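One-letter residues, chain by chain:
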Amino acid sequence: MKTPVTVLGLGAMGTALARAFLAAGHPTTVWNRTPGRSPELDSLGANRAATAADAIAASPLVVVCLLVDDTVRSTLDGLELTGKTVANLTNSTPGQARATAEWVTTAGAQYLDGGIMAVPAMIGGPAAFIFYSGAQEAFEQYSGDLSALASPAYVGTDAGLAALHDIALLSAMYGMFGGAQHALALMAAAEVPAVPFTEQFLVPWLTAMLTSLHGMAGDLDNGPADTAGSNLAMQAAAYENLVTTAEAQGVNPMLLVPMGELLRNAVASGAGDQDLSALVGLLRTPAG
Ligand code: FVH
């Protein structure tokens, strides 16, 4: 028999997680603050618990997927967790994850923090993965069960590491999407249709540029290459045209301005002959 599992929280993501466990044949108990949410889970065989305490009691592995960290605390506080493994997949900061790990562990449970790198429709599919950190023994015990949700990637015993990895990837994603929204705003201002622009130019360009990240990572780990293919002095000079064009097209340059400032600072600090990877050092200097 497969490991019985409990899912706390039946929002869009919790529902997808419960469906994936059910599809993989796990006896699955579910609970949600608002009763009756996601009724399709009942016909798929879910056992609906009346309270969070009943849901936790039903399974050794308790997967939590609620809105925010405070919600996790208010839901689990005071409940019997002894002997359980709590895998908390709620979005959190590294600090929140460490604090939650401490009080869950104090309550007698093993704690895994998770960062889901997927949208609900991807859960159970090949492209989804989930970062985990925290109790290594618990990960080794349950990674097979958790792989019903997404490929598990364990990143260390420090409970904050999964959130750190998650937030690093989300930061990169929002930077990319922000840039893409700006590009689409420029095109919209010129009445260029979004779909052909995106298919023919935007996605191929971003895809080609993404490969340069490998070289930048190599620069950071092994030291910068002897010559920069596109040096920062050149990029800082050309970047001014991005802001000027946005303003001329009536598009707010708010997403572009900080990168321009960073490029100018890099050149002023003597890194004009280096490549974009040199910006990492500047970003590590606290603001203010
Ligand atoms: N959906 C996504 O694309 C992303 C993908 C990456 C991971 N995130 C994180 O997953 C967490 C849950 O996200 P979600 O998409 O399921 O969110 P909602 O559909 O809004 O459901 C929220 C659930 O949280 C429950 N809830 C809210 N407040 C409370 C509370 N005070 N006490 C108990 N439960 C609470 C809510 O219950 P209800 O409103 O139905 O009663 C839902 O079950 C989240 O951390 C994402 O960042 C998703």
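Residues numbered from 1 in each chain as written. Predicted model: local features only at pLDDT ≥ 70, side-chain atom pairs only at ≥ 80, totals over all residues.

**Description of unusual backbone geometry**
- With phi around 55°, Ser 38 is a residue other than glycine that occupies positive phi space.
- Here Ser 38 falls in the partly exposed class, since 19 other C-beta atoms lie within 10 Å of it.
- The phi angle at Glu 191 is positive, at roughly 60°, despite the residue not being glycine.
- Structurally, Glu 191 can be placed in the loop between helix H7 (161-189) and helix H8 (194-210). (Buried ≥ 20, exposed ≤ 12 C-beta atoms within 10 Å, placed from the backbone. Helix = DSSP H or I, 4+ residues; strand = E, 2+ residues; numbered from the N terminus.)

**Focus on the pairing of strand S6 (residues 110-117)**
- Most of S6 is tucked away: seven of the eight residues are buried.
- Judged from the four bridges that link them, strand S5 (residues 85-88) and S6 form a sheet pairing that is parallel. Bridging across to S6, Asn 88 finds its partner in Asp 113.
- Assessed by its sense of winding, the connection that carries the chain from S5 through helix H5 (residues 94-106) to S6 is right-handed. (Pairing = 2+ DSSP bridges. Right-handed = clockwise from strand over helix to strand, strands pointing away.)

**A look at the nonpolar core**
- If you look at the biggest cluster of nonpolar residues, it comprises 52 residues, and the most contacted ones within it are Val 7, Leu 17, Val 63 and Val 64.
- Per-element tally for this core: the top contributor is helix H1 (residues 12-23), with six residues.
- Contacts of Val 64, omitting those with residues within four sequence positions, involve Leu 8, Gly 9, Val 72, Val 86, Asn 88, Leu 89 and Thr 90.
- Grouped together as the second largest cluster of nonpolar side chains are eight residues, Ala 236, Ala 266, Ala 271 and Leu 276 included. (Core = buried A, V, L, I, M, F, W, Y, C linked by C-beta atoms within 7 Å. Contact = placed C-beta atoms within 7 Å.)

Note that every value here comes from positions in space, so none of it alone points to a role or purpose.
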